[in-house]
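# Structure assessment
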Amino acid sequence: MEISEEDLQLINALQIAPRISWSDAAGILGAHATTLAARWERLKASGVAWTTAHLMGDPKQMCLALVEVDCEMKLRDDVTAALAAIPEVVTVEEAASNRDLMLTVITPTLAHFSDQVMPQFRKIPGLTKYQTSLCTRLHSGGYAWRLNVLDKSQKAALQALAGPEASGPTPAGNQGAPLPQSHLDLIPFLARDGRAAAADIARALGRSPATVQRQLNRVLASQVLSFRCEIAQKHSGYPVSCQWFANVPPGQHEAAAAELRTFRNIRLSASTTGRTNFVILMWLHSLADVLNAEQALQLRIPGIELVESVVVLTAAKRVGWMLNPDSTATGAVVVPAAELAPTA
């Protein structure tokens, strides 16, 4: 499928304002609302782009774990499929070196990870070893990554219309009351479609549209969920993923995170436990850019020690969505159970 400049502009717009109305987007993108809606349906149907919502993974509210997995070569496909079927395992990637698979796991608590997820790993035939690093601070995630094909005025206009769902993690101490179960019931619908309308969710749940709209507004404002518009990586212009395991002096993590936010291709930066204390993930134009990125990191972040770089070969699952080998979405979503959301 060929992707036009107009397609990229639409995806970029939904990255900034994931739930913007087509009528509002039309005035900014210079296209009719029905044209934008049809264009989006075509992109979704082809698996090139999709919107989703998943638990933010902010350590102030829940547990975010990065797990490295080794497995028997003959059973790698089976191990990958078994891991991808676990709702808490939101992302599954195949690594080029030193481990077979890299997982991102989000659970409501550390105890849930230890008592309910790790035992599932041990039961998978062919999975021979795993090591876990726990996130202690989520500095930025894929929700903040942008194509940057729109001009400054368009970005500003979209940002002005973006709702609370476009925000990052809630600042420390600003978390509101836990969401009741009636509100958590909406999460699976938003995982399948980050633009799901209250009326459609209401019909599925047998509730009144007004009730669901009120519940949806509170879910969006809670910032428990990360909303994003994803694009198949091969169509993004950045076909190479590289993750760095690094050490940053403990007192300099916030300064390092602030500097990393100026890198346009950052997909993840987080402080972690384990052999290293900082992880960085970038999407790059080519393998040659791995060295360029390392030079930039060392130049701009004083004291950083890049311990290891790992190129991602393929992604089988990204934030709940199953992917084809060419990075497009299959349409299958491993929807998290509502009870996986933080309730206390």
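Quantities reported herein were computed from a predicted structural model and do not represent experimental measurements. Going along each chain's sequence as written, the residues are numbered from 1 onward. Residues qualify for local features only when their pLDDT is at least 70, as the model is predicted, and side-chain atom pairs are given and counted only at 80 or more; totals for whole chains, interfaces and linings, by contrast, use all residues. Based on all heavy atoms of the structure, the side-chain values leave hydrogens and waters out of the count.

Turning next to the overall build of the protein. Secondary structure elements are defined from DSSP: runs of H or I of at least 4 residues count as helices, runs of E of at least 2 residues count as strands, and each element is numbered from the N terminus. Counting its regular elements, the protein contains 12 helices and 12 strands. Taking 344 residues into account, the globule formula puts the C-alpha radius of gyration at 20 Å, and the protein, at 20 Å, falls close to it. Viewed in the frame of its principal axes, the protein has a C-alpha envelope of about 50 × 45 × 40 Å. Within the protein, buried positions represent 54% of all 344 residues. Using the Shrake-Rupley algorithm and a 1.4 Å probe, accessible areas are obtained, with residue cover drawn only from the displayed protein chains. For the protein, the accessible surface area stands at approximately 14400 Å², while carbon and sulfur atoms represent 54% of it. Note on charges: Lys and Arg go in the positive column, Asp and Glu in the negative column, and His and the chain ends are not counted at all. By convention, the point assigned to a charge is CZ for Arg, NZ for Lys, CD for Glu and CG for Asp. The distance from the centre of the 30 positive side-chain charges to the centre of the 31 negative ones in the protein is 5 Å. Throughout, the radius of gyration refers to the C-alpha atoms, and the reference size of a globule is 2.2 Å times the residue count to the power 0.38. The buried label goes to any residue with under 20% of its type's maximum accessible area, the exposed label to any with over 50%, and the partly exposed label to all in between, with areas taken from a 1.4 Å probe on protein chains only.

Turning to the pattern of salt bridges, a few remarks are in order. Two side chains bearing opposite charge may form a pair once their charged atoms approach each other closely. The term salt bridge refers to a pairing of a side-chain nitrogen on Lys or Arg with a carboxyl oxygen on Asp or Glu at a separation within 4 Å. Within this structure, the stated rule accounts for 17 salt bridges. Between Arg39 and Asp7 there is a salt bridge whose closest N-O contact spans 3.7 Å. A residue pair is termed long-range when its members are at least 10 positions apart, and Arg39 in helix α3 (residues 33-45) and Asp7 in helix α1 (residues 5-16) qualify at 32 residues. Like Asp7, Arg39 is buried. Between Glu254 and Arg137 there is a salt bridge, with its nearest N and O atoms 2.6 Å apart. Placement of Glu254 in helix α11 (residues 253-260) and of Arg137 in strand β5 (residues 127-140) is noted, with a sequence separation of 117 residues between them. Taken together, the shared-partner salt bridges connect Glu68, Arg99, Arg275 and Glu308 into one network.

Among the structural elements, Asp200 can be located in helix α9 (residues 198-205). On the basis of relative accessibility, which here comes to 41%, the residue Asp200 falls in the partly exposed class. Spatially, the C-alpha atom of Asp200 lies 9.2 Å from that of Phe189, the residues being 11 residues apart in sequence.

With that settled, consider α9. Listed as buried for α9 are Ala198, Ile201 and Ala202. The buried residues of α9 occupy an angular sector of 105 degrees when projected down its axis, which confines them to one face. Exposed residues on α9 whose side chains face more than 90 degrees from its buried face are Arg203 and Ala204. Should any heavy atoms of two residues lie within 4.5 Å, those residues are considered in contact. Contacts made by the buried residues of α9 are with α8 (187-192) and α10 (209-222). In this description, the arc belongs to the directions extending from the helix axis to the C-beta atoms.

Turning next to the environment of Ile304. Within the element layout of this structure, Ile304 appears in the loop between α12 (288-300) and β10 (305-318). On the basis of relative accessible area, Ile304 is assigned to the buried category, the value being 10%. Spatially, the C-alpha atoms of Ile304 and Met56 are 26 Å apart, while their sequence positions differ by 248 residues. Contact partners of Ile304, with chain neighbours within four places excluded, come to Ala246, Asn247, Val248, Ile280, Leu297 and Gln298.

Here we come to the packing of aromatic side chains. Think of a pair of aromatic rings as described by two things: how far the centres are apart, and how the planes are tilted against each other in angle. We call Phe, Tyr and Trp rings a pair once their centres come within 6.5 Å, taking the six-membered ring for Trp, and we label the pair stacked below 30 degrees between planes, edge-to-face above 60, and tilted otherwise. Per the stated rule, a full pass over the model turns up 4 aromatic pairs. On the numbers, 5.7 Å between centres and 25 degrees between planes, the contact of Trp50 with Trp321 is stacked. Highlighted residues: Trp50 in strand β1 (residues 49-55) and Trp321 in strand β11 (residues 321-323), separated in sequence by 271 residues. Like Trp50, the residue Trp321 is buried in the burial classification. Ring centres of Trp145 and Tyr238 lie 5.9 Å apart, and the angle between their planes is 85 degrees; on these two criteria the pair is classed as edge-to-face. Of the two residues, Trp145 sits in the loop between β5 and α6 (152-161) while Tyr238 sits in the loop between β6 (225-231) and β7 (240-247), which places them 93 residues apart along the sequence.

As a further point, take helix α4 (residues 76-84). Because an α-helix packs 3.6 residues into every turn, residues spaced three or four apart end up facing the same way. When we look at burial in α4, the residues that qualify are Arg76, Val79, Thr80, Leu83 and Ala84. Along the axis of α4, the buried positions cluster into a sector of 130 degrees, meaning they face one direction only.

All right, on to the confidence of the model for the protein then. Per-residue confidence for the protein gives a mean pLDDT of 93, with 95% of residues at or over 70. Confidence of the predictor at the level of single residues is captured by pLDDT, which takes values from 0 to 100. The model gives residues 338-344 a pLDDT under 50, and that stretch makes 23 contacts with residues more than four places away or in other chains.

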